Amino acid sequence: MSHTSRLPASPYRFHAHELVGRPGTMREVSETFPAPEVLGTDMIAVPQGADVSLDARLESVQDGIWVSGTVSAQAVGECGRCLDEVRLDVDTTFNGLFLFPDAPREDEEDESEDVHEFDGETLDLEEIVRDAVAEELPFTPLCEPDCPGLCDQCGARLADDPDHTHEMIDPRWSALEALAADDPTEKKES
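Rules of the game
- Residues numbered from 1 in each chain as written.
- Predicted model: local features only at pLDDT ≥ 70, side-chain atom pairs only at ≥ 80, totals over all residues.
- Heavy atoms only, no water.
- Salt bridge = Lys/Arg side-chain N within 4 Å of Asp/Glu carboxyl O.
- Helix = DSSP H or I, 4+ residues; strand = E, 2+ residues; numbered from the N terminus.
- Buried < 20%, exposed > 50% of the residue type's maximum accessible area, 1.4 Å probe, protein only.
- Contact = heavy atoms within 4.5 Å.
- Polar contact = N/O pair within 3.5 Å; in protein donor to acceptor, adjacent residues only side chain to side chain.
- Pairing = 2+ DSSP bridges.
- Patch = residues over 30% accessible without salt bridge, like charges linked within 9 Å, V, L, I, M, F, W, Y side chains within 5 Å.
- Areas by Shrake-Rupley, 256 points an atom, 1.4 Å probe, with all protein chains shown as cover.
- pLDDT = per-residue confidence, 0-100.

It is worth spelling out the pattern of salt bridges at this point. For the structure on display, the rule yields seven salt bridges. Its salt-bridge partner being Glu37, residue Arg130 comes within 2.9 Å of it at the nearest N-O pair. Separated by 93 residues along the polypeptide, Arg130 in helix H2 (residues 126-136) and Glu37 in the loop between strand S2 (26-34) and strand S3 (39-40) bring together distant segments of the chain. On the basis of relative accessible area, Arg130 is assigned to the partly exposed category, the value being 22%. Glu59 serves as the salt-bridge partner of Arg57, at 3.6 Å between the closest nitrogen and oxygen. When salt bridges that share partners are traced, they join Glu37, Glu126 and Arg130 into one network.

Have a look at this one:
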């Protein structure tokens, strides 16, 4: 693990002043820290306090600092079909350009997702790490690719009872069945 001059306020912030004005110079950082807040979506996310491993390469270029790297963690959520817990290893890449304050800006670059502001002192990687993790996570997590889910009538977990069924009455006859159930003159056979 290399010495990184990480700022105490955020585990995603790194000093990079020594790279300013020195195109071609590079520094690697490697950190593991507890997630300061949830990373992900409402359905599945890296929980606050879970270990996040960050490996990044900071490279000085003409107009800023190019950052590329990987982030690894374990996301926890619930299956979109049966609501069981889902654990998913996240291992994804990220990259972005942090422009110097006085760097020329083109209209296209200002709107690009890969271009960020750099104050000349520190890089804040939180946004690009957060985006990379969110993009890696499934929209609907599943415990198994073929999870049958829950019974839509009673909520039973169908994986526990593959033969689970309910007596289905044709809905066109349900009104007659209700009348028969309420008819006091109907005699039951003994």
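Having put the structure on the table, let's press on.
Put simply, Arg130 and Gly40 are 90 residues apart on the chain and 7.1 Å apart in space, counted from C-alpha to C-alpha. Those residues in contact with Arg130 that lie beyond four places of it in its chain are Glu37, Val38 and Leu39. One polar contact links the side chain of Arg130 to the main-chain carbonyl oxygen of Val38, over a distance of 2.9 Å.

Turning next to the side chain of Ser10. Inspection of the secondary structure assignment puts Ser10 in the segment before strand S1 (13-15). Residue classification places Ser10 among the buried residues on the basis of a relative accessible area of 10%. Excluding anything up to four places from it in sequence, Ser10 contacts Asp124 and Glu126.

Turning our attention to unusual backbone geometry. Phi angles above zero are rare outside glycine, and Leu83 is one such case at about 70°. Within the element layout of this structure, Leu83 appears in the loop between strand S6 (64-78) and strand S7 (85-99).

A separate point is the pairing of S7. Across 15 bridges, S6 lies against S7 in antiparallel orientation. Following the sheet pairing, Ala73 is matched in S7 by Val90. Following S6, the chain reverses through six residues before pairing antiparallel with S7; Leu83 in that reversal takes a positive phi of roughly 70°. Pairing of S7 with strand S8 (residues 115-117), which is carried by three bridges, proceeds in the parallel orientation.

Taken together, the side chains of Ile169, Trp173, Leu176 and Leu179 make up a nonpolar region of the molecular surface, amounting to roughly 440 Å² of accessible area. Secondary-structure assignment places Trp173 in the loop between H2 and helix H3 (174-182).

On average, residues of the chain score 83 in pLDDT, and 85% of them are at 70 or above. Ranking the elements of the chain by mean pLDDT puts helix H1 (residues 107-111) last with 51 and strand S4 (residues 44-46) first with 95.

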